[in-house]
Protein chains: 2
Amino acid sequence: MCQLLGMNCNVPTDICFSFEGFSARGGKTDEHRDGWGIAFFEGLGCRTFLDVKPSIASPIAEVVRRYPIHSTHVIAHIRKATQGEIALENCHPFQRELWGRYWVFAHNGNLANFDPQPVEFYQAVGQTDSEKAFCLILNTLRAAFPDGKPALENLYPVLRTITHTIAQQGVFNYLLSDGDYFFAHCSTKLCYIVRQAPFAAAHLIDQDVTVDFQELTKPSDRVAIIATIPLTDNEA
Amino acid sequence: MCQLLGMNCNVPTDICFSFEGFSARGGKTDEHRDGWGIAFFEGLGCRTFLDVKPSIASPIAEVVRRYPIHSTHVIAHIRKATQGEIALENCHPFQRELWGRYWVFAHNGNLANFDPQPVEFYQAVGQTDSEKAFCLILNTLRAAFPDGKPALENLYPVLRTITHTIAQQGVFNYLLSDGDYFFAHCSTKLCYIVRQAPFAAAHLIDQDVTVDFQELTKPSDRVAIIATIPLTDNEA
């Protein structure tokens, strides 16, 4: 299995603190050594960092831990391979363009015997069940709304239906975003915290690091963190 | 305008030497300060690094200069904005998936009044003429070969025709690859060198750095470097 980390904020925020703890699980405090990735939306743009090295040993992960990239929508993943070899094309998050926006997806779980046919517009490049599920979601959304991106209340029921269909194949926790919407689906394990005023100090589980968010935030800031397993030991 | 750098090799090779000189043109030895990007194919996978900072000042470019990523197909770009603001979504190279492969594109030039209609499957996310041209190329290839990736001799005439059509709009030097094929189109300025045995030392123009490739290569190695302006001053 794998682990997910997501962040959704009302103002661009860096994820250095959370990623410090999360990336330790890629080979130091946990066993997710088979690659990692993180995608940052910045306006319409999106940049994704991927590496097949364990996140704890990756020079690129070191840059992500140290270089504050400010973003409102972030999706990260550390991999313990189930389907598909350890290879760059099997590292999450996956990215495609739909309706003139980038869409990014990462999955925790395992979908047994998942091989949707026919293959439509979006095709998987790698061998994971996860990328196939992402392509099926996008193919479904595109078919339902061929003329462009719909309003959330129209998109949501279609996404929910295809999500429940795929979830019948196995464990299907995922994060999905286009830099505007941010969807999280929990089939077995996913938790979240919303940090907002009054801010307090937070202490990581995986590294002995504490950050006092009161010193770093404005009263109107609001940050949601979504993770497979909590990253801090002094927050609810 | 912008500058392009491409590398195509018969064995995975790092681009650290060439990128050292190339990235200096992003704010030190030349004026291409409006963002940069580089895409590396590794097997079926592809990873793209993008930054709106000048490549000379970008912490991510620093990692690319220092951390040897071995790849057979590399496309890099430093930007001097003509169309589209300085923003992540306007940084090259652009990436899309077609026929279950990632395709990557970077452009040097300017296509005046270029706004292809109707918008088909692939849509630009940013505002550049370059990304619109890339989408038009992929839409054309997809329409011509809906059943999957064709052989090179079938693909090439279609690519050549759409390239010449687009090139009527202005300067259209580009690099395009899916990690298997590697296409370079020169409308005004693009040069190349093929390094092969017997290897010799090469000295950068933009930095006082020399590498003796004889010490780093095997006799069967073959590396093509393609660039807007030569990167070395002692090679033909």
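**Some details on the overall build of chain A**
Working step 1: Each helix and strand counted, chain A has four helices and 12 strands in total.
Working step 2: Against the compact-globule benchmark of 18 Å for 236 residues, chain A has a radius of gyration of 17 Å, which places it among compact chains.
Working step 3: Counting only contacts in chain A whose residues sit at least 6 apart along the sequence, the fraction spanning at least 24 positions is 69%.

**Overview of helix α3 (residues 129-144) of chain A**
Working step 1: An ideal rise of 1.5 Å per residue puts 22 Å on 16 residues; α3 of chain A measures up with 22 Å between its terminal C-alpha atoms.
Working step 2: The buried count for α3 of chain A comes to 12 of 16 residues, which makes it a mostly enclosed element.

**Structural notes on the relation of the copies chain A and chain B**
Working step 1: When chain A is brought onto chain B, the operation consists of a screw motion whose angular component is 180° and whose axial shift is 0.0 Å, with 0.0 Å RMSD remaining. Expressed as an axis order, the relation between the two copies is that of a two-fold axis.
Working step 2: Interface overlap between copies: 100% of the residues of chain A at the interface are likewise at the interface in chain B, consistent with a symmetric, same-surface contact.

**Brief notes about the interface of chain A and chain B**
Working step 1: In this complex, chain A contributes 25 residues to the contact, which on the side of chain B involves 25 residues.
Working step 2: Mapped by element, the contributors of at least two residues to the side of chain A that touches chain B are β3 (45-51), α2 (59-66), β5 (94-98) and β6 (101-111) of chain A.
Working step 3: The residue inventory of the side of chain A that touches chain B, partitioned by class, reads 14 nonpolar, five polar and six charged.

**Notes on unusual backbone geometry**
Working step 1: The residue after H92 of chain B, namely P93 of chain B, is reached through a cis peptide bond having omega -5°.
Working step 2: At the junction of A197 of chain B and P198 of chain B, the peptide bond is cis and its omega measures out at -5° in the coordinates.
Working step 3: As for its position among the elements, P198 of chain B is in the loop between β9 (191-196) and β10 (201-203).
Working step 4: A positive phi angle, close to 60°, is found at W99 of chain A, a residue other than glycine.
Working step 5: Mapped onto the elements, W99 of chain A comes out in the loop between β5 and β6.
Working step 6: Of the residues examined, W99 of chain A has 17 C-beta atoms within 10 Å and is grouped as partly exposed.
Working step 7: A positive phi angle is found at N113 of chain A, which is not glycine, with a value near 50°.

**Digging into the environment of L231 of chain B**
Residue and element names in this part refer to chain B.
Working step 1: Examined against the element boundaries, L231 turns out to sit in the segment after β12 (222-227).
Working step 2: For L231, a count of 26 C-beta atoms within 10 Å gives the class buried.
Working step 3: Between the C-alpha atom of L231 and that of L5, which follows or precedes it by 226 residues, the distance is 9.3 Å.
Working step 4: When residues no more than four places from it in sequence are discounted, the contact partners of L231 are S18, G21, F22, L204, I205 and I225.

**Overview of the sheet that holds strand β7 (residues 170-177) of chain B**
Residue and element names in this part refer to chain B.
Working step 1: The strand order across the open sheet built from four strands is β5-β6-β7-β8, with neighbouring strands paired in antiparallel fashion. Single-partner strands in this sheet number two, and they are β5 (94-98) and β8 (182-185). In this sheet, neighbouring strand axes are inclined to one another by 25° on average, regardless of whether the strands run parallel or antiparallel.
Working step 2: Of the strand pairs in this sheet, strand β6 (residues 101-111) and β7 are connected by eight bridges, and their pairing is antiparallel. Bridged to N108 within β7 is N173.

**A closer look at the sheet that holds β6 of chain A**
All names here are of chain A.
Working step 1: Taking strand neighbours across the sheet as the criterion, the four strands line up as β5-β6-β7-β8 in an open arrangement whose pairing is antiparallel. Taken across any chain shown, the strands that pair with only one partner, and hence form the sheet edges, are β5 and β8 (182-185). Across the sheet, the axes of successive neighbouring strands diverge by a mean angle of 25°, strand direction being ignored.
Working step 2: Sheet topology places strand β7 (residues 170-177) next to β8; four bridges connect them, and they run antiparallel. Residue L176 lies in a different strand from β8, and its bridge partner there is F183.
Working step 3: Helix-sheet contacts for α3 involve β5 and β6, and the interaxial angle to β6 is about 135°.

**Concerning the packing of α2 of chain A against helix α2 (residues 59-66) of chain B**
Working step 1: As a packed pair, α2 of chain A and α2 of chain B sit with axes 10 Å apart at the nearest point and diverge in direction by 160°. The angle between α2 of chain A and α2 of chain B falls in the class roughly antiparallel. Both α2 of chain A and α2 of chain B take part in a crossing whose hand is right-handed. Side by side, α2 of chain A and α2 of chain B meet where P59, I60 and V63 of chain A of the first sit next to P59, I60 and V63 of chain B of the second.

Basis of the calculations
- Residues numbered from 1 in each chain as written.
- Chains lettered and ligands numbered in written order.
- Predicted model: local features only at pLDDT ≥ 70, side-chain atom pairs only at ≥ 80, totals over all residues.
- Helix = DSSP H or I, 4+ residues; strand = E, 2+ residues; numbered from the N terminus.
- Rg over C-alpha atoms; globule rule 2.2 N^0.38 Å.
- Contact = placed C-beta atoms within 7 Å.
- Expected span 1.5 Å × (residues − 1).
- Buried ≥ 20, exposed ≤ 12 C-beta atoms within 10 Å, placed from the backbone.
- Least-squares fit on C-alpha atoms with pLDDT ≥ 70 in both.
- Nonpolar A, V, L, I, M, F, W, Y, C, P; charged D, E, K, R; others polar.
- Pairing = 2+ DSSP bridges.
- Axes fitted to C-alpha atoms, helices over the stretch in contact; angles between N-to-C directions.
- Parallel < 35°, antiparallel > 145°, perpendicular 65-115°, else oblique.
- Left-handed = near helix turned anticlockwise from the far one by under 90°.

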